[in-house]
Amino acid sequence: MSKEIVVSGIRSTGYLHLGNYFGAIQNYVKMQNEHNCYFFVADYHSLTTHPDPKDLKQNVFRVVAENIASGLDTEKVALYAQSDIPEIPELYLMLNMLAYKGELEKVPTFKDKVRLQPENVNAGLLTYPVLMSADILIHRATKVPVGKDQEQHLEMARNFANRFNKRYNDEFFPEPHVFRFNKEAVRIMSLDGDGKMSKSENVNATIYLSDGDDVIRKKIMKAKTDQGPHEPNSEMPDFIANLFLLLKLTATEDIYNQYLNAYKDCNIRYGDMKKQLAEDMVAFVRPIREKAAELQKDEDAIRKILKEGAEKARPSSIATIEGARKLMGINYY
Ligand code: AQP
């Protein structure tokens with residue numbers, strides 16, 4: 001039986017963090033044995049914020065190194081740079097003809113960006129979900145391991161696939177769906193309780209896979225807490241639930257349960273909990289950081305990985321574009 005096709009990407013907009021790890025990469029690693037996986041560095045997507053050309057290569061190479069250091073095996077998956085697959089922008093152009101200004105303007109992530117960078121509301125920002133759809137549909141993928149923040153973009157990818165099918169052929173693109181191992185989507189909040197951990201925002205309250213031991217300790221000790229619950233079994237505010245989530249993801253079950261019970265019984269000591277979390281987090285991040293740093297020293301090896309990744313990703317991209325061109329009537333010779 002042929003393996004199901006999986007696609008997912010990470011933008012080269014900075015240092016990877018716990019949100020990228022637990023929201024995306026951890027799922028990539030779990031999927032790599034059973035699926036036909038295409039994972040890419042979304043360097044075209046990062047251009048919407050006009051990065052300095054001097055930084056781009058380093059950012060792309062770091063994303064590759066941090067993915068591998070987190071357990072991705074390039075013998076098992078295709079790991080490539082989006083810009084090495086020319087069929088992606090071609091499909092993006094085709095899908096743009098099926099995407100409407102009104103629906104793109106309503107996308108919450110677009111509205112956020114308009115608020116954050118009012119001086120640079122470019123067409124690339126507006127059509128971000130179309131490019132993301134092209135990234136996925138180019139391999140006719142069915143499973144897309146992404147964080148909760150990307151669910152609406154996936155819905156748009158399904159809409160574009162269905163519109164194409166309706167217009168040109170009923171079955172050309174399968175519907176892509178969000179995939180995750182646990183029912184609940186993981187969303188890692190920033191430690192100050194203000195939004196999510198992010199590559200380019202909340203940097204002092206985001207834990208990066210490249211953070212040193214003491215930086216991790218300091219960030220965790222400064223995490224937002226409150227007075228603690230006054231009644232047994234109180235509901236947690238979201239910033240406290242986030243600390244418990246991080247503890248669950250990195251500590252042993254016994255330790256997690258010990259603090260959870262203390263919370264339920266109203267005798268939680270956040271200082272102790274943070275110290276525990278800091279040590280578990282240091283132990284979790286350190287091997288990834290060290291391996292990623294080692295990998296980044298050998299640029300030729302990273303170039304080779306990207307080149308081989310593109311070679312693995314091109315055949316299915318070419319097949320999709322040839323099929324789409326034919327269906328659309330762009331076949332003159
Ligand atoms: N805080 C988060 N919690 C869970 N999942 C997250 N992801 C990102 N942040 C969190 C998931 O990571 C994957 C790659 O994200 P991306 O690079 O494509 O873009 P993003 O979602 O915009 O991530 P950042 O890190 O916040 O980047 P910037 O600061 O550049 O905007 C996606 O699967 C995403 O769901």
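On a predicted model such as this, the values are computed, not experimentally measured, just so you know.

**Q** Please explain the packing of helix 10 (residues 213–221) against helix 13 (residues 270–296) as it appears in this structure.
**A** Each pair of packed helices can be described by the angle between their axes along with the distance between the axes. Where helix 10 contacts helix 13, the two axes come as close as 9 Å, and the packing angle between them is 150 degrees. Every pair of crossing elements has a handedness; the one defined by helix 10 and helix 13 is right-handed. Residue-level contacts link D213, I216, R217, I220 and M221 of helix 10 to G271, K274, K275, L277, A278, E279, M281, V282, V285, R286 and R289 of helix 13. Across the contact of helix 10 with helix 13, the residue classes break down as 8 nonpolar, 1 polar and 7 charged.

**Q** Even after reading the chapter, I still don't get the domain arrangement of the protein, so can you show me in this structure?
**A** By a frequent convention, interface size equals the accessible area lost on bringing the separate parts together. By domain assignment, the protein separates into domain 1 (5–186 + 298–328) and domain 2 (211–293). Just the C-alpha atoms count here: the centres of domain 1 and domain 2 sit 32 Å apart. Interface area for domain 1 against domain 2, summed over the two sides, is near 750 Å², with a carbon-plus-sulfur share of 87%. Broken down residue by residue, the surface that domain 1 buries against domain 2 is led by L18, F22 and A69, which jointly contribute 59%. Counting across the domain 1 and domain 2 interface gives 0 residue pairs in polar contact (both at pLDDT 80 or more). Those elements that provide at least two residues to the side of domain 1 that touches domain 2 are helix 1 (18–31) and helix 3 (53–69). Looking at the side of domain 1 that touches domain 2 element by element, the count peaks at 4 residues for helix 3. Per-class residue counts for the side of domain 1 that touches domain 2 are 7 nonpolar, 1 polar and 1 charged.

Rules behind the numbers
- Residues numbered from 1 in each chain as written.
- Predicted model: local features only at pLDDT ≥ 70, side-chain atom pairs only at ≥ 80, totals over all residues.
- Heavy atoms only, no water.
- Axes fitted to C-alpha atoms, helices over the stretch in contact; angles between N-to-C directions.
- Helix = DSSP H or I, 4+ residues; strand = E, 2+ residues; numbered from the N terminus.
- Left-handed = near helix turned anticlockwise from the far one by under 90°.
- Contact = heavy atoms within 4.5 Å.
- Nonpolar A, V, L, I, M, F, W, Y, C, P; charged D, E, K, R; others polar.
- Domains from an automatic or database assignment.
- Buried area = accessible area lost by both parts, 1.4 Å probe.
- Polar contact = N/O pair within 3.5 Å; in protein donor to acceptor, adjacent residues only side chain to side chain.

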